Amino acid sequence: MPTIVKGPYLQHPTVSSMTVMWETAEPATSQVDIYLAERIHSGHQGNYKTPQQLLSTHSCHTYTTIHQITIDNLEPSTIYFYQLKSENAEGSVESGRYPLKTAVPKGEPFSFTVTSETGGFSGFDRSNGRINQNIFQQMQRYRPDLTLFIGDIVNDGHRYEDWETYFFGPGQSFLLSTPFYSCLGNHESNASWYYDFFAFPAPKNYYSFDYGDVHFTCLDSTSFIKPNNYPHADEEIYAGEQVDFLLKDLESADATWKIVYFHYPPYVSGGYQVEDLRKLSPIFERYGVDLVFNSHTIVYERSHPLSDNHIDENNGVVYVVAGGAGAMPEWLLPKREWHTAQSLAVPHFLQVVVTPDRLSLYAIDEEGKLFDTFIVKKGQDGHKAFF
Ligand SMILES: [Fe+2]
């Protein structure tokens, strides 16, 4: 009988589709059933009945261990329930029925969370292994529509067990109903498991997607900064396929907000800053990027709005290091730098609430305490105001 060893988890939400993935220990078929959600309107406000109305069935009869089924023809911003089933000659296994929500259309508010380092930190400080679980539990309390991980979600990407130990295991409950994206950190080591377990848009180490009023762009900073040359960028930082992608992607982006994320931080008042990546900043500035999320230095740090390597309170880009499930106060410099607006070395995640004219960012620690708030407002003319 096949057994489920990872997931199910949700990938690549759009206004009309969702991708469901899971892993079985033995090769088996893949099937996902979609159920209509039915609200209970009295007595249990906001709850749903156990879903009984089957909407559609999606299946693939090829035997595999890593399963990926895309469900389409769904309605925007709508909750459905899904249930997976895998079968082989020895028997079958099925999951429970879990809620999923399709992406919101433009103009509709939504929220997402951001964290990282579930493996990078826990990998070398095992006494703090609960940080991962605490961060996932806290994020779940905020019921985000999707979540981003800014890399180092495992300790050694080549080690199969790590993906369960540091990421899929502690995140299991949260990831059942929260679609997510990630980027490559140095700890992923560009391992094939990253490409096998995730259904990000090709080529997966860099990609972009739209969700509501935000255009998200993910970059692979580990391909700019090679281990033998760290922390310096290769000469071709401006001449490779990835920068061509970035230029075309940001130029064609049709969204109120533009957010870019990649692992190595161009701005942080601590160790592991990768200053060479500021070579990308003129591109972010030219195309009106609002926020850049980074990680690697396991602290929280938010920059002032920056343009041309100076503070620009009118139109700058804000860089946020979301070192997430780790905290190393000793990695910080004795004093903050000129570009630092706020900084604290505590395990944390970010909650970001998006409306058509406002991005609100909240930094929350692993006990659920809010410790930083930041708001960008944008007028019809694109002019920004920071609070
Ligand atoms: Fe890292």
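This write-up is about the structure you can find in this document. Given the structure is predicted, the values throughout are model-derived calculations rather than measurements.

## Let's talk about the environment of Y261
Link 1 in the chain: You can see Y261 is positioned in strand β12 (residues 257-261).
Link 2 in the chain: Note: C-alpha distance between Y261 and N309 (48 residues apart in sequence) is 18 Å.
Link 3 in the chain: Within the structure, Y261 has its side chain in polar contact with the side chain of Y207 (distance 2.8 Å).

## Some details on the packing of aromatic side chains
Link 1 in the chain: Under the counting rule described, the total for this entry stands at 44 aromatic pairs.
Link 2 in the chain: The interplanar angle of 45 degrees and the centroid separation of 4.7 Å between the aromatic rings of Y9 and F168 together place this pair among those described as tilted. Taken as a pair, Y9 in strand β1 (residues 4-11) and F168 in helix α2 (residues 160-168) lie far apart in primary sequence, 159 residues in all. Summarising the burial analysis for this pair, Y9 and F168 share the class buried.

## Re the sheet that holds strand β7 (residues 110-115)
Link 1 in the chain: Within the open sheet, the 7 strands sit side by side as β9-β8-β7-β19-β20-β21-β22. Their pairing is mixed. Edge positions in the open sheet fall to β9 (180-182) and β22 (384-386), since each of these has one partner strand only. On average, each strand axis in the sheet is tilted by 20 degrees relative to the strand beside it, whichever way the strands run.
Link 2 in the chain: Of the pairings in the sheet, the one linking strand β8 (residues 146-149) to β9 comprises 3 bridges and is parallel in character. Residue T147 lies in a different strand from β9, and its bridge partner there is F180.
Link 3 in the chain: Across the sheet, helix α1 (residues 130-141) is in contact with β7, β8, β19 (348-355) and β20 (358-365); its angle to β19 comes to roughly 20 degrees.

## Overview of the state of the cysteines
Link 1 in the chain: On inspection of all chains with the given rule, the structure shows 0 disulfides.
Link 2 in the chain: C183 takes part in no disulfide bond, and the closest cysteine sulfur, belonging to C218, lies 4.9 Å away.
Link 3 in the chain: Classification of C183 as buried rests on a relative accessible area of 0%.
Link 4 in the chain: Of the residues examined, C218 reaches a relative accessible area of 0% and is grouped as buried.

## A word on the sheet that holds strand β10 (residues 207-211)
Link 1 in the chain: One open sheet holds the 7 strands; their spatial order is β10-β11-β12-β13-β17-β14-β18, and the pairing between them is mixed. The sheet is open, and its two edges are formed by β10 and β18 (340-344), each paired on a single side. Across the sheet, the mean angle from the axis of one strand to that of its neighbour is 15 degrees, orientation sign disregarded.
Link 2 in the chain: In the sheet, strand β13 (residues 291-294) pairs with strand β17 (residues 318-322) via 4 bridges, with the strands oriented parallel. Each bridged residue has a counterpart across the sheet, and for F293 the counterpart in β17 is V320.
Link 3 in the chain: Contacts between helix α6 (residues 241-252) and the sheet are confined to β10, β11 (214-218) and β12, with β11 contributing the most and set at about 180 degrees to the helix.

Cut-offs used in this document
Residues numbered from 1 in each chain as written. Predicted model: local features only at pLDDT ≥ 70, side-chain atom pairs only at ≥ 80, totals over all residues. Heavy atoms only, no water. Helix = DSSP H or I, 4+ residues; strand = E, 2+ residues; numbered from the N terminus. Polar contact = N/O pair within 3.5 Å; in protein donor to acceptor, adjacent residues only side chain to side chain. Phe/Tyr/Trp six-rings, centres within 6.5 Å; stacked < 30°, edge-to-face > 60°. Buried < 20%, exposed > 50% of the residue type's maximum accessible area, 1.4 Å probe, protein only. Pairing = 2+ DSSP bridges. Axes fitted to C-alpha atoms, helices over the stretch in contact; angles between N-to-C directions. Contact = heavy atoms within 4.5 Å. Disulfide = S-S within 2.5 Å.

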